[in-house]
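# Observations on the model geometry
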Amino acid sequence: MIKVLIADNHPIVRMGVRKVLEAAEGFELIDEVATTEELFEKLKDTTPDVVMLEMDIPEINGIAALRKIKKDYADVKVLMYSGQSEDVYALSAIRAGAFGYLSKSSSVEYITAAVTKVSEGSMFITNELAQRLAFDEGTKKPRRFFRKLSTREIEVLKLLASGKRNKEVALGLNLNEKTVSTYKARLMKKLNVDNMVDLLQQAKALELY
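Note that the coordinates shown come from a computational prediction; the quantities given were computed from them, not determined experimentally. (Residues numbered from 1 in each chain as written. Predicted model: local features only at pLDDT ≥ 70, side-chain atom pairs only at ≥ 80, totals over all residues. Heavy atoms only, no water.)

### Side note on helix 5 (residues 109-119)
We apply this condition: Categorising residues by exposure relies on relative accessible area from a 1.4 Å probe, with only protein chains included: less than 20% of the type maximum marks a residue as buried, more than 50% marks it as exposed, and the intermediate range marks it as partly exposed. Runs of E in the DSSP output that reach at least two residues are strands. Runs of H or I that reach at least four are helices, and both are numbered from the N terminus. The arc under discussion is defined with respect to the helix axis, by the directions toward the C-beta atoms.
Of all the residues in helix 5, the buried ones are I111, A114, V115, K117 and V118. For helix 5, the arc enclosing every buried residue in end-on projection is 165 degrees, short of the 170-degree limit, so these residues lie on one face. Looking one or two places after helix 5, you find G121, whose phi comes out positive at around 85 degrees.

In structure tokens, the structure reads:
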């Protein structure tokens, strides 16, 4: 069971998230709080796997609360969520140590997917958000949030996207199969994913192939 603590000052939002988690299997809502003071009191006595933290929670702002959690409760993973602008706040949250960012305007189905991925220690952002984070709309150039892919990595990615297996990629590029596996691992790390389906979706969203 994934133990979740909700920190949000809006009762209707807390109720909605609670209903979603209760309706799904594998989640245990251990508590919900409305302020950062309540949040840190709860963390003294309980250790959730994931804290769903509202960006604009009262008293200490969400980013400051996130940094304190990272410092004092290193085993607790934080999923930030907010109704504020994704383009501005998601990057700040991730840089501050959040394992994911979810907009309150996102589809309800994303809640369980996000909590699950964050609980596993993986990064969660939607593909739509990934595309906006990766490219500066003004200059049309990649932001530093995503490290630039090498020419060889893009070649490997294109062949994987076409449905080829590691062995076929190795033959096509005259590489050792183990080297292809290394490139695949690098691609996953650079694009912040942990499986092939997400890798290809992310790459497609970023128009990398």
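The rest of the description comes next.
### Comments concerning the packing of helix 7 (residues 151-161) against helix 9 (residues 177-190)
Heads up, the rule is: Axis definition: a line fit to C-alpha positions, over the contact stretch in the case of helices; interaxial angles, taken between N-to-C directions, run 0 to 180 degrees. Just so you know how the angles are binned, under 35 degrees is roughly parallel, over 145 roughly antiparallel, 65 to 115 roughly perpendicular, and the rest oblique. Whether two residues touch is decided by their heavy atoms; if any such pair falls within 4.5 Å, the residues are in contact. Residues were grouped as follows: Ala, Val, Leu, Ile, Met, Phe, Trp, Tyr, Cys and Pro as nonpolar; Asp, Glu, Lys and Arg as charged; and all remaining residues, including Gly, as polar.
Look at helix 7 against helix 9: their axes get within 10 Å of each other, and the N-to-C directions meet at 95 degrees. In terms of orientation, helix 7 lies roughly perpendicular with respect to helix 9. Between helix 7, through R152, E153, V156, L157 and L160, and helix 9, the contact on the second element is made entirely by V180, Y183, K184, R186, L187 and K190. Grouping the constituent residues of the contact of helix 7 with helix 9 by class yields six nonpolar, no polar and five charged.

### Some points on the pairing of strand 5 (residues 100-103)
Put simply, the test is: If DSSP finds at least two bridges between two strands, the strands pair.
Going residue by residue along strand 5, you find G100 and L102 tucked away on one face and Y101 and S103 tucked away on the opposite face as well. Note: strand 4 (residues 77-82) against strand 5, four bridges, orientation parallel. From the neighbouring strand, S82 faces strand 5, where its bridge partner is S103.

Interpretation in functional terms is not warranted from these geometric data alone.
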